[in-house]
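Inside the fold
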Amino acid sequence: MKNNLEPQNKLARRLDFNDMFFTGVAYMIGAGIFTLMPFVIRYGKKNAVLAFIIGGILCLFTGFSFARLNYQYPVNDAEYSWILEIFKKEGEEKPKKSVKAFAGITIWVVGIMGIFSMALLALGLVEYIQTYDLGIPKRVIITVALAIPTIINMIGVTSVSNFAKVIINIVIAAFVILIGSAAFKGNPEFIKENSLKPDLSNGMNLVRASFLTIYAFTGFQSVVQLSEETISKDIIPKSITASVVFVIVFYCLLVFSIIALIGLKASSETVYPVSAAYNFVLGTKGRDVVSIISIITMFSALVILILGVSRLFHKLAEKKIAPRY
């Protein structure tokens, strides 16, 4: 039975750099940017762009660590194998039981966090959809919100990758409208309210703002759970680095554009600065545009997250530390 199952369960190597780059970007660009933006601007003030740069650089160093470890040990269970290999003493054929237990606890925490993240995303998606008062019961929306991404994943990993590419390009195009509008409609006085020179009198709040931006980058490390489906082992390290750098630039342009359009005071006082900026550009329909973008990004993140978590548990099942079914 075991020999019959192994060929069926083996993962094919189909993913290239473009696939993993857009997957990494899709992991990061989610609804979190909409909820975090007002706090980053409120604390960072004229250094809000700088806060995203600082947070992004910190995540980039973390990304380098993941990239280095993944290049040496390109496996879907990532942290589990890394811990076993790193803490295994020279000359030992097998790691100590304590090391194996620590690795097992760590990877199960990662897996459980992934499951709860899916639940959180599904609930958040429902909240946004219910603002349109469609009259559909909450449980039905949650079921559909989980079923459709699951079906996309069942079709195959390439379908997930292609879906991520389409969605992220749509989201980026929507934000390019905002960024482009800032270039033509931005108030020169508001533009001056952006500064890359640290305001030492607001130093602690800048630290707080930078810390918050880290959550906007969270997710890039999850692409390591697709390591065994890339066409070469250098793709994951390259895609992690490239996707983080791209999102740093993207976030900086976005927050700069928001302040340039509506000013620092209005940006820091409103709960939805992205909506306020779109309202400035598109009129009263701006809020609807942001809601639609939020729904799209959350749905995309859910598709990618289901893929990563399923691949993680697939590997854990192979190693007999998760149920084989």
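Here the structure is a predicted model, which means the values were calculated and not measured.

1. Details of the overall build of the protein chain
Of the regular secondary structure elements, the protein chain holds 14 helices and zero strands. Tracing the protein chain from N to C terminus, the helices and strands come up as α-α-α-α-α-α-α-α-α-α-α-α-α-α. Relative to the compact-globule value of 20 Å for 325 residues, the protein chain shows a C-alpha radius of gyration of 21 Å, a close match. Taking the principal axes of the C-alpha coordinates as reference, the protein chain spans close to 70 × 50 × 30 Å. Within the span of the protein chain, comprising 325 residues, buried residues form 49% of the whole.

2. Structural notes on helix H14 (residues 286–318)
Here H14 is 33 residues long and its end C-alpha atoms lie 48 Å apart, about the 48 Å a rise of 1.5 Å per residue gives. Counting buried residues in H14 gives 24 out of 33 residues, a clear majority hidden from the surface. Once H14 ends, the next one or two residues include Lys 320, with phi positive near 65°.

3. Details of the packing of aromatic side chains
By the definition in use, this model includes 15 aromatic pairs. When the centroid spacing of 5.6 Å and the interplanar angle of 75° are considered together, the rings of Phe 21 and Phe 246 count as edge-to-face. Here Phe 246 lies in helix H11 (residues 235–262) and Phe 21 lies in helix H2 (residues 17–28), a separation of 225 residues in the sequence. Given a relative accessible area of 15%, Phe 21 falls into the buried group. On the basis of an interplanar angle of 50° and a centroid distance of 5.5 Å, the ring pair of Phe 52 and Tyr 251 is categorised as tilted. Residue Phe 52 is found in helix H4 (residues 48–72), and its partner Tyr 251 is found in helix H11; the two are separated by 199 residues along the sequence.

4. Observations regarding the packing of helix H6 (residues 97–130) against H14
Two quantities define a packed helix pair, namely the angle between the helix axes and the distance between the axes. At a closest axis distance of 9 Å, the pairing of H6 and H14 adopts a crossing angle of 155°. Relative to H14, the element H6 is oriented roughly antiparallel. With respect to the hand of their crossing, H6 and H14 are arranged in left-handed fashion. Split by residue class, the contact of H6 with H14 holds 20 nonpolar, six polar and no charged.

5. Considerations on the pattern of salt bridges
Under the definition given, this model contains six salt bridges. A salt bridge links Glu 318 to Lys 315, with the nearest nitrogen and oxygen atoms 3.5 Å apart. Here Glu 318 pairs with Lys 315, and both are found in helix H14, just three residues apart, close to one helical turn. Judged by relative accessible area, which is 12%, Lys 315 ranks as buried.

6. A few points about the nonpolar core
Counting residues in each nonpolar core, the largest one holds 90 residues, and the members touching the most others are Met 37, Phe 52, Phe 175, Tyr 251 and Ile 258. Among the elements that make up this core, the one with the highest residue count is H11 (16 residues).

7. Focus on the confidence of the model for the protein chain
Should the pLDDT be low somewhere, the predicted coordinates at that spot are not to be read in detail. Averaged over every residue, the pLDDT of the protein chain is 83; residues scoring 70 or more account for 95%. Summarising per-element confidence for the protein chain, the mean pLDDT is lowest in helix H1 (residues 2–9) (41) and highest in H11 (90). Contacts for the low-pLDDT stretch residues 1–8, under 50 throughout, to residues beyond four places or in other chains number one contact.

8. Topic: unusual backbone geometry
Positive phi, close to 55°, is recorded for Lys 45, a residue that is not glycine. Looking at the element boundaries, Lys 45 is found in the loop between helix H3 (32–44) and H4. The phi dihedral of Ala 78 falls on the positive side, at around 35°, and the residue is not glycine. By the secondary structure assignment, Ala 78 is in the loop between H4 and helix H5 (79–86). Residue Ala 78 is classed as buried on the basis of its relative accessible area, which comes to 0%.

9. Remarks on the side chain of Ser 257
Note that Ser 257 resides in helix H11. With a relative accessible area of 2%, Ser 257 lands in the buried category. If sequence neighbours within four positions are ignored, Ser 257 has contacts with Leu 178, Ile 179 and Ala 182.

The rules behind the values
- Residues numbered from 1 in each chain as written.
- Predicted model: local features only at pLDDT ≥ 70, side-chain atom pairs only at ≥ 80, totals over all residues.
- Heavy atoms only, no water.
- Helix = DSSP H or I, 4+ residues; strand = E, 2+ residues; numbered from the N terminus.
- Rg over C-alpha atoms; globule rule 2.2 N^0.38 Å.
- Buried < 20%, exposed > 50% of the residue type's maximum accessible area, 1.4 Å probe, protein only.
- Expected span 1.5 Å × (residues − 1).
- Phe/Tyr/Trp six-rings, centres within 6.5 Å; stacked < 30°, edge-to-face > 60°.
- Axes fitted to C-alpha atoms, helices over the stretch in contact; angles between N-to-C directions.
- Parallel < 35°, antiparallel > 145°, perpendicular 65-115°, else oblique.
- Left-handed = near helix turned anticlockwise from the far one by under 90°.
- Nonpolar A, V, L, I, M, F, W, Y, C, P; charged D, E, K, R; others polar.
- Salt bridge = Lys/Arg side-chain N within 4 Å of Asp/Glu carboxyl O.
- Core = buried A, V, L, I, M, F, W, Y, C linked by side-chain atoms within 4.5 Å.
- pLDDT = per-residue confidence, 0-100.
- Contact = heavy atoms within 4.5 Å.

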